Amino acid sequence: MSLVTRRRSPDPGTGDTAGEAEDAAPGRRRKRPGSGPRWAGPAAGLLVPVAALAAWQAATAAGLFTQSQLPPPSAVLAALGELVRRGELWLHVAISGQRVLLGFAAGACLGLALGAAVGLSAPVRALLSPSVAALRAVPSLAWVPLLVLWLGIGEGPKIVLVAIGAFFPVYTTVFTALTHVDPHLVEAGRAYGLRGVRLLVRIRLPSAAPAVFAGLRLGLAQGWLFLVAAELIASSMGLGFLLIDSQNTGRTDILLLSILLLALLGKAADAVLGLVERRVVQDRF
């Protein structure tokens, strides 16, 4: 049994045997006070998008904006159908998704490794932490000329730029979480004979797991943000290219469609990582 697992001790004065039996029942979780039906959360989350869509339709119907400034939702839906008929939409989505996936994987792995090294070792922290903090302040577009100079205009600089965006949130949260692990838990683990990797796996990682997944989700969101800057680098495909190309050609409907697709894909990717987080953190730790 992991040392970080806490069990509620029985209180003989309260006679809380029913609560203990419910806690001990396999596969059952106590319902939080005030929690509503499972559909209440997702339904509430749809209120703002639906209200925004209604306001958008009302503003265009009232003539507050010209067609070139803000086309109605029906025009954006027609642009979606146009791209689907031409067979371009899925190619743009696949190219952008591939760039984000590869860049996030590289940036997250490096962030996890370096964040763990900095968080677990005071000498490494003193050596590397100031330099990484300085690099974190560099804007995303500032990397573009250097990456083009070093890596050309192929896929390399695009993936590297997304990796840079994903690296810093993961690195920061990992090393911060590991440096703030309860020292009493660490001492308890050492008292039980845990050292090195065993101490990391049994004590430090379970304590830092929620923060690590929070950093991964932030890194994934940052990767999508850096994608548009990455696809400014001589791209001919991808949602970032579609966004810039629609601006140059005056297709505001496709421009809005690109923004909506980036938002939906980013949310979908975050939801998938959130499911992994709940599975790992709740079931294992």
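The rules we used
- Residues numbered from 1 in each chain as written.
- Predicted model: local features only at pLDDT ≥ 70, side-chain atom pairs only at ≥ 80, totals over all residues.
- Heavy atoms only, no water.
- Phe/Tyr/Trp six-rings, centres within 6.5 Å; stacked < 30°, edge-to-face > 60°.
- Helix = DSSP H or I, 4+ residues; strand = E, 2+ residues; numbered from the N terminus.
- Buried < 20%, exposed > 50% of the residue type's maximum accessible area, 1.4 Å probe, protein only.
- Axes fitted to C-alpha atoms, helices over the stretch in contact; angles between N-to-C directions.
- Left-handed = near helix turned anticlockwise from the far one by under 90°.
- Contact = heavy atoms within 4.5 Å.
- Nonpolar A, V, L, I, M, F, W, Y, C, P; charged D, E, K, R; others polar.
- Patch = residues over 30% accessible without salt bridge, like charges linked within 9 Å, V, L, I, M, F, W, Y side chains within 5 Å.
- Areas by Shrake-Rupley, 256 points an atom, 1.4 Å probe, with all protein chains shown as cover.
- Salt bridge = Lys/Arg side-chain N within 4 Å of Asp/Glu carboxyl O.
- Core = buried A, V, L, I, M, F, W, Y, C linked by side-chain atoms within 4.5 Å.
- Arc of directions from axis to C-beta.
- pLDDT = per-residue confidence, 0-100.

**Student:** In this structure, what is going on with the packing of aromatic side chains? I would like to understand it.
**Tutor:** Here a ring pair, both rings aromatic, is described through the centre-centre distance and the interplanar angle of the planes. Within this structure, the stated rule accounts for three aromatic pairs. Between the aromatic rings of Tyr171 and Phe175, the centroid separation amounts to 5.2 Å while the plane-to-plane angle is 40 degrees, which identifies the pairing as tilted. One end of the pair, Tyr171, and the other, Phe175, are both in helix H8 (residues 155-179), four residues apart, so they sit about a helical turn from each other. Grouping residues by exposure puts Tyr171 and Phe175 together as buried. Members of the aromatic cluster, joined through ring pairs, are Phe167, Phe168, Tyr171 and Phe175.

**Student:** Is there a simple way to think about the packing of helix H6 (residues 122-136) against H8 in this case?
**Tutor:** For any two helices packed against each other, one specifies the crossing angle of their axes together with the interaxial distance. Where H6 meets H8, the closest approach of the two axes is 11 Å, and the angle between their N-to-C directions is 145 degrees. Seen along the crossing, H6 lies across H8 with a hand that is left-handed. Two secondary-structure elements touch here, H6 through Arg125, Ser129, Val132, Leu135 and Arg136 and H8 through Phe167, Phe168, Tyr171, Thr172 and Thr179. Its residues assigned to classes, the contact of H6 with H8 comprises five nonpolar, three polar and two charged.

**Student:** Help me understand a nonpolar patch on the surface, please; the structure alone is not making it clear to me.
**Tutor:** On the surface, Leu146, Leu149, Trp150, Leu151 and Val160 cluster together into a nonpolar patch covering about 510 Å² of accessible area. Here Trp150 shows up in helix H7 (residues 143-151).

**Student:** So what exactly am I meant to see when it comes to the packing of helix H5 (residues 89-120) against H8 here?
**Tutor:** H8 packs onto H5 with a crossing angle of 35 degrees between their chain directions and a minimal axis gap of 6 Å. Relative to H8, the crossing made by H5 is right-handed. In terms of residue class, the contact of H5 with H8 is built from 21 nonpolar, six polar and three charged.

**Student:** What is the right way to look at the nonpolar core in this model?
**Tutor:** Here is a general trend for soluble globular proteins: nonpolar side chains tend to be buried in one another's company. Phe104, Leu161 and Leu216 are the most contacted members of the largest nonpolar core, which has 48 residues in total. Those elements that place two or more of their residues in this core are helix H4 (73-85), H5, H7, H8, helix H10 (196-230), helix H11 (239-249) and helix H12 (252-284). When residues in this core are grouped by element, the largest group, twelve residues, is from H8. Leu161 has contacts with Ser140, Trp143, Val144, Leu147, Phe226, Ala229 and Ala230, leaving out every residue within four places of it along the chain. In this structure, Val186, Leu194, Leu199 and Ile203 belong to the second largest nonpolar core, which totals five residues.

**Student:** What is the right way to look at H7 in this model?
**Tutor:** Within H7, burial applies to Trp143, Val144 and Leu147. In an axial view of H7, the angular spread of the buried residues amounts to 95 degrees, which keeps them on one side of the axis. Every exposed residue of H7 that faces more than 90 degrees away from the buried side is listed here: Pro145 and Leu149.

**Student:** Mind showing me how you'd approach the confidence of the model for the protein here?
**Tutor:** It should be kept in mind that the predicted coordinates are not to be read in detail where pLDDT is low. In the predicted model, the protein carries a mean pLDDT of 83, and 84% of its residues have values of at least 70. The element-level mean pLDDT for the protein is lowest in helix H1 (residues 17-24), coming to 45, with H4 highest at 94. Across residues 1-29, where pLDDT falls below 50, the model places 27 contacts with residues more than four positions away in sequence or in other chains.

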